[in-house]
Amino acid sequence: MSELYRTPHYEPPPGKDSGATRMQVLVTGVTPPVPSATYGAMTTLVGLRLDGPQHWIRFDEIPTHPLSQAAPVRRYDIVTAVAQPDPDDPRPESWRIHAGTLRVRHEARRWRGRAAILHRHAEWSMCDLEDSAARRPDAQSLALIRVAELRYVRVNRTPVAPPAERWSAATWRRTEPDLFRPVVRDLLRRPPFTVAYRYHCHHPVCRSHVQEFRDRDVVAYQRQRQRYCGLPLRRALAGEFWGPLCQPGREVAFLVGSRRDAPTRFDVLDTVVLRG
């Protein structure tokens with residue numbers, strides 16, 4: 001990525017040849033659960049490592065169950081875990097947690113230092129990030145991008161799940177006791193709509209970007225409003241996830257990450273208000 005846009009505080013993540021490491025991470029994004037035939041529902045945590053050189057971390061394949069006694073990890077929790085680089089994922093930020101080592105230390109939603117840390121790691125160019133990912137599969141795949149101009153929010157019907165995802169969901173439901181199957185079905189049911197943003201970054205000739213907002217809150221918001229459907233729900237989603245970002249004088253950044261099966265396709269994983 002061009003040094004013109006690179007923040008001077010950026011620290012590249014360690015190479016893939018390192019072993020297991022205990023780390024402390026500020027969670028900034030939690031994706032919705034996706035079905036897995038082996039582990040049930042899996043989610044992904046994204047955040048900034050706080051101990052040692054600060055850099056972005058992605059914890060893939062975190063098992064989740066609707067009836068688990070463990071407290072769910074939420075955005076801006078500080079967690080500790082023993083993890084090692086994922087050997088099957090070329091993206092340098094991807095790590096895999098050792099089973100049973102994930103612990104929630106405390107929440108940082110009211111921690112004043114959180115905003116300063118995120119502000120230091122905000123970068124300027126989404127265009128350069130996409131270009132790097134197109135050239136190299138091991139290029140940077142997580143970044144906090146400052147938004148120069150918000151164009152619009154797009155609320156679309158959720159597409160039908162691919163066959164592999166439907167098969168994994170059906171396999172998990174069959175392995176659960178009859179009493180739990182309705183709960184599992186609700187957990188894996190796709191929401192009616194998806195939310196996507198179109199925006200410009202600070203690149204001098206930005207081509208604009210349209211990226212889906214893949215956050216657990218989007219799914220939870222729709223489940224809490226199951227009595228709504230069609231146009232009322234579309235309007236409610238637009239008001240909830242667009243209105244707060246468009247306040248006058250507000251500086252916004254998007255935490256973006258590439259997909260494992262499509263390294264050149266980036267999604268918005270979190271929206272961050274840097275100022276205002």
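Shown above is the structure to which this text applies.
Residues numbered from 1 in each chain as written. Predicted model: local features only at pLDDT ≥ 70, side-chain atom pairs only at ≥ 80, totals over all residues. Heavy atoms only, no water.

> I'm lost on the pairing of strand β5 (residues 77-85) in this one. Help?
Put simply, side chains in a regular strand alternate between the two faces of the sheet. Within β5, 8 of the 9 residues are buried, which leaves it mostly tucked inside the rest of the structure. Judged from the 6 bridges that link them, strand β1 (residues 21-30) and β5 form a sheet pairing that is antiparallel. By the bridge assignment for β5, Gln 24 is matched with Thr 80. Pairing of β5 with strand β7 (residues 103-107), which is carried by 4 bridges, proceeds in the antiparallel orientation. From the neighbouring strand, Thr 80 faces β7, where its bridge partner is Arg 103. Bridging between β5 and strand β6 (residues 94-97) involves 3 bridges; their strand directions are antiparallel. Directly across from Ala 83, in β6, lies its bridge partner Ile 97. (Buried < 20%, exposed > 50% of the residue type's maximum accessible area, 1.4 Å probe, protein only. Helix = DSSP H or I, 4+ residues; strand = E, 2+ residues; numbered from the N terminus. Pairing = 2+ DSSP bridges.)

> Got a minute to help me understand empty space enclosed by the protein in this structure?
Empty space among the atoms becomes visible once a probe the size of a water molecule is rolled across them. Per the stated rule, a full pass over the model turns up 1 cavity of 30 Å³ or more. Looking at the largest cavity, its volume works out to about 40 Å³. Lining the largest cavity are Arg 91, Ala 133, Arg 136, Pro 137, Ala 139, Gln 140, Ser 141, Ser 258 and Pro 263. Of the residues in the lining of the largest cavity, the class split is 4 nonpolar, 3 polar and 2 charged. (1 Å grid on protein atoms, 1.4 Å probe; cavity = no way out; pocket = protein on both sides within 12 Å on 5 of 7 lines; lining within 4 Å. Points joined across faces, edges and corners; volume = space filled by probe spheres on them. Nonpolar A, V, L, I, M, F, W, Y, C, P; charged D, E, K, R; others polar.)

> Where do I start with the packing of aromatic side chains in this structure?
Aromatic ring pairs: the centre-centre distance and the angle between the two ring planes describe each pair. Considering all chains together, one arrives at 6 aromatic pairs under this definition. Each ring, one from Tyr 197 and one from Phe 254, has its centre 5.0 Å from the other, and the planes form 25°; the classification is stacked. Taken as a pair, Tyr 197 in strand β11 (residues 193-200) and Phe 254 in strand β13 (residues 251-258) lie far apart in primary sequence, 57 residues in all. Accessibility assignment for this pair places Tyr 197 and Phe 254 in one class, buried. A centroid spacing of 5.9 Å and a plane angle of 70° characterise the contact between Phe 213 and Phe 241, whose relative ring orientation is edge-to-face. A residue pair is termed long-range when its members are at least 10 positions apart, and Phe 213 in the loop between β12 (209-212) and α5 (216-223) and Phe 241 in helix α6 (residues 230-241) qualify at 28 residues. (Phe/Tyr/Trp six-rings, centres within 6.5 Å; stacked < 30°, edge-to-face > 60°.)

> What is the right way to look at the sheet that holds strand β14 (residues 266-275) in this model?
Across a sheet, paired strands are connected by hydrogen bonds in the backbone, their directions being either parallel or antiparallel. Spatial strand order, β8-β9-β13-β14: 4 strands in an open sheet with mixed pairing. Whereas interior strands pair on both sides, the edge strands pair on one side only; in this sheet they are β8 (122-123) and β14. Of the pairings in the sheet, the one linking strand β9 (residues 142-146) to β13 comprises 5 bridges and is antiparallel in character. Residue pairing across strands places Arg 146 opposite Ala 253, the latter belonging to β13.

> Sorry if this is basic, but what is going on with helix α1 (residues 112-120) here?
Think of an α-helix as turning once every 3.6 residues; residues three or four places apart then point the same way. Taken together, the buried positions of α1 are Arg 114, Ile 117 and Leu 118. Looking straight down α1, one finds that the buried residues subtend no more than 95° of arc, so they occupy a single side. (Arc of directions from axis to C-beta.)

> Please clarify how helix α2 (residues 126-135) should be interpreted in this entry.
By the criterion of burial, α2 is predominantly enclosed, with 7 of the 10 residues buried. By the burial criterion, the buried members of α2 are Met 126, Cys 127, Asp 128, Leu 129, Glu 130, Ser 132 and Ala 133. Capping of α2 at its N-terminal end is provided by Ser 125; its side-chain oxygen lies 3.5 Å from the backbone amide nitrogen of Cys 127. (Polar contact = N/O pair within 3.5 Å; in protein donor to acceptor, adjacent residues only side chain to side chain.)

> Explanation requested: the sheet that holds β12 in the structure shown.
Read from one edge of the open sheet, 3 strands run β10-β11-β12, paired in antiparallel fashion. Across the chains shown, the open sheet's two edge strands, defined by having one partner strand only, are β10 (149-157) and β12. Across this sheet, the average inter-strand angle for adjacent strands is 25°, counted without regard to direction. As paired strands, β11 and β12 are joined by 4 bridges and run antiparallel to one another. (Axes fitted to C-alpha atoms, helices over the stretch in contact; angles between N-to-C directions.)

> How should the environment of Ser 132 be read in this particular structure?
Along the chain, Ser 132 falls in helix α2. Note on Ser 132: relative accessible area 8%, which makes it buried. Taking C-alpha positions, Ser 132 is 8.8 Å from Thr 264, a pair spaced 132 residues apart along the chain.

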